[in-house]
Amino acid sequence: MYYNWEENTSTEELKVICNLIKNGELIIFPTETVYGIGANALDAEAVGKIFIAKGRPSDNPLIVHVASKEEIYNIATDITEVEEKLIESFMPGPFTIILKKKENVLPDIVTAGLDTVAVRMPNNLIAQAIITFSGVPIAAPSANISGKPSGTNISDIRNELESKVSAIIDGGDSSIGLESTVVKVINEIPVILRPGKITPEEIREVAGNVEIDKKVFEQVGKDEKVESPGMKHRHYAPNTKCQLIYAKDEKNQIFEINKRVRKYKGDVVVIGFTEHKKDIVVSEGRYIDIGSKHDLEAFAKNIYSELRNADKIKPEIILIEGVPKEGLGIAIMNRLLRTCEYDYFEYKE
Ligand code: TXA
Ligand code: MG
């Protein structure tokens, strides 16, 4: 069943949707970061369906979505002062915190058997309504087949997921477009396991300290131990191979991209800035304008959808302009490195 929330979702329909959740069904619902594919987090069988629908490895735990601070205390325990500060400052919002899991509440499948749980309180009103009226926490990963770019609008994911869920709730384009910042407090220091819209600077301001896990920009070895299982898996990638190109100096960046356009005899799609369109020499329809170089928010919001669009053209390679690893650029580069399976060229000035 498809519901267009913006146009006409009534209280009756909200009841139907929430009953599906309570009855162990899957739904696709909007959040401010990306769409989620959700199930009742207290129901092991329902959560099992998420792993099947996505083809998700069972060692990759899910985020549990709640609508109030009290609910955090129902599923997590031993919350420290630093954790409390982060919760107060960033929740609700595009922020996920890894907490000690309370015993005998959530089934093991949700947390992949770990003794911690990832908790998020979205600030999207549709998500909040669904969680509140379902009356249960909702386990939800991003709505996409495992490994593919996350869904940031319904038309991008409808074909790949519609047959696997009981309801799709269309809330328009995701306003942020990249998944939440994931943080775990280790020895009283907030460590960013997955960067997002909430930046290291913002976290430092609140907690007095912050670290970025070194795996945020590094490839994880096959048997390497990581803080977050999601770091190990292939992610955010279309079918076409992709390459990420970055030079601090803009002329060099354009030069390096044009060099590759020639190397692939024009059989490329370039995802680049508005300002570079005139300088990058590709044929009609082969340049995807991701927005101004000064507008990383637009980059974040549009990148997953544009990767899917680039894929449809079926070029030999998708060339993507990199951004400085600062602020929101940290999250963008973290995702793009995985999109490109670490095929990354950085021009040394
Ligand atoms: O914005 C978001 O966070 C979206 C929306 C739907 O809320 N959700 C999302 O979920 O991105 P997912 O499953 O695609 O990513 C969750 C990440 C994974 O990298 C997973 O490994 C990590 O969070 N994670 C979950 N539980 C964890 C835990 N207990 N310890 C460490 N990492 C955990
Ligand atoms: Mg995901």
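Please read these numbers as outputs of a predicted model, since none were measured by experiment.

1. Re the sheet that holds strand β13 (residues 242–246)
Within the open sheet, the five strands sit side by side as β15-β14-β16-β13-β17. Their pairing is parallel. Every other strand in the sheet has two partners, leaving β15 (287–289) and β17 (344–346) as the edge strands with one partner each. Across this sheet, the average inter-strand angle for adjacent strands is 20 degrees, counted without regard to direction. Of the pairings in the sheet, the one linking β13 to strand β16 (residues 317–321) comprises four bridges and is parallel in character. Residue pairing for β16: I245 is matched across the bridge by E321. Against the sheet, helix α11 (residues 296–312) engages β14 (268–272), β15 and β16, with an angle of about 165 degrees to β16. The sheet contacts of helix α12 (residues 328–339) involve β13, β16 and β17, and relative to β13 the element is tilted by about 140 degrees.

2. A few points about the site of ligand 1
Taken together, the neighbourhood of ligand 1 is formed by 25 residues, with T33, N60, H65, S180 and G230 sitting nearest. One of the side-chain N or O atoms of T116 is found 3.0 Å from a nitrogen atom in ligand 1. Burial of ligand 1 by the surrounding chains reaches 97%, relative to a free accessible area of 690 Å². Those elements that provide at least two residues to the shell around ligand 1 are β4 (63–65) and β7 (116–120).

3. Looking at the domain arrangement of the protein
Assigned domains of the protein: these are domain 1 (2–216) and domain 2 (242–346). Using only C-alpha atoms to locate each centre, domain 1 and domain 2 end up separated by 29 Å. Taken together, the contact pairs 29 residues of domain 1 with 16 residues of domain 2. Of the roughly 1,700 Å² buried between domain 1 and domain 2, counting both surfaces, carbon and sulfur atoms make up 52%. As a salt-bridge pair, R308 and E160 come within 3.1 Å of each other at their nearest N and O atoms. At the level of secondary structure, the elements contributing two or more residues to the side of domain 1 that touches domain 2 comprise α8 (154–161) and α9 (200–207). Here the element with the most residues in the side of domain 1 that touches domain 2 is α8; it accounts for three residues. Here the side of domain 1 that touches domain 2 is composed, by residue class, of nine nonpolar, 11 polar and nine charged.

4. Some words on the packing of helix α2 (residues 11–22) against helix α7 (residues 125–134)
Contact geometry for α2 and α7: axes closest at 9 Å, N-to-C directions at 60 degrees. One finds that α2 runs oblique with respect to α7. Between α2 and α7 lies a crossing whose hand is right-handed. Residues L14, I17, C18, I21 and K22 of α2 pack against A129, I130, F133 and S134 of α7. Partitioning the contact of α2 with α7 into residue classes produces seven nonpolar, one polar and one charged.

5. Here's the deal with the side chain of Q243
As for its position among the elements, Q243 is in strand β13. Polar contacts involving the side chain of Q243 include one to the side chain of R260, which spans 2.9 Å.

6. Quick word on the packing of aromatic side chains
Evaluated as defined, the whole model comprises three aromatic pairs. On the basis of an interplanar angle of 20 degrees and a centroid distance of 5.9 Å, the ring pair of Y236 and Y304 is categorised as stacked. Here Y304 lies in helix α11 and Y236 lies in the loop between β12 (211–212) and β13, a separation of 68 residues in the sequence. Considered together, Y236 and Y304 belong to a single accessibility category, that of buried residues. Judged by centre distance (6.0 Å) and plane angle (65 degrees), the rings of F273 and F299 are edge-to-face. Highlighted residues: F273 in the loop between β14 and β15 and F299 in helix α11, separated in sequence by 26 residues. Across the pair, exposure class does not vary: F273 and F299 are buried alike. In this structure, R260 is placed above the aromatic ring of F345, and the distance from its NZ or CZ to the ring centre is 4.5 Å.

Basis of the calculations
- Within any chain, residue numbers begin from 1 and follow the written order of that chain's sequence.
- Chain labels run from A onward and ligand labels from 1 onward, assigned in the order the entries are written.
- Two thresholds apply to this predicted model, a pLDDT of at least 70 for residue-level local features and 80 or more for giving and counting side-chain atom pairs, whereas whole-chain, interface and lining totals are computed over all residues.
- Only hydrogens and water are removed before side-chain values are computed, so all heavy atoms of the structure are retained for them.
- Two strands pair under a simple rule: DSSP has to find at least two bridges between them.
- Each helix is a run of H or I in the DSSP string that is no shorter than four residues. Each strand is a run of E no shorter than two, and both are numbered from the N terminus.
- For helices, the fitted line uses only the C-alpha atoms of the stretch in contact; every axis is such a line through C-alpha atoms, and the angle between N-to-C directions lies from 0 to 180 degrees.
- When checking whether two residues touch, look at their non-hydrogen atoms; a contact exists if any pair is within 4.5 Å.
- By convention in this text, a residue qualifies as near a molecule or strand provided that one of its non-hydrogen atoms is within 4 Å of it.
- Between N or O atoms, a polar contact is any pair within 3.5 Å; within protein, one atom must be a potential hydrogen donor and the other a potential acceptor, and residues adjacent in sequence are included only when both atoms are from side chains.
- Note on areas: Shrake-Rupley, 1.4 Å probe, and residue coverage restricted to the protein chains presented here.
- For the domains described, the bounds stem from an automatic or database domain assignment.
- What gets called buried area is simply the loss in accessible area from a 1.4 Å probe that two parts show on being joined, summed for both.
- A carboxyl oxygen of Asp or Glu within 4 Å of a side-chain nitrogen of Lys or Arg is what we treat as a salt bridge.
- Amino acids are sorted into nonpolar (Ala, Val, Leu, Ile, Met, Phe, Trp, Tyr, Cys and Pro), charged (Asp, Glu, Lys and Arg) and polar (every other residue, Gly among them).
- We call two directions roughly parallel when the angle between them is under 35 degrees, roughly antiparallel when it is over 145, roughly perpendicular when it lies between 65 and 115, and oblique otherwise.
- Rotating anticlockwise by less than a right angle from the far helix to the near helix defines a left-handed crossing, while the corresponding clockwise rotation defines a right-handed one.
- Stacked, edge-to-face and tilted labels apply to pairs of Phe, Tyr and Trp rings (six-membered ring for Trp) whose centres lie within 6.5 Å, assigned for plane angles under 30 degrees, over 60, and everything in between, in that order.
- Remark: exposure states derive from per-residue accessible area (1.4 Å probe, protein chains only) relative to the maximum for the residue type, with buried under 20%, exposed over 50%, and partly exposed in between.
- Distance and angle both matter: a charge sits over a ring if NZ of Lys or CZ of Arg is within 6 Å of the ring centre and within 35 degrees of the ring normal.

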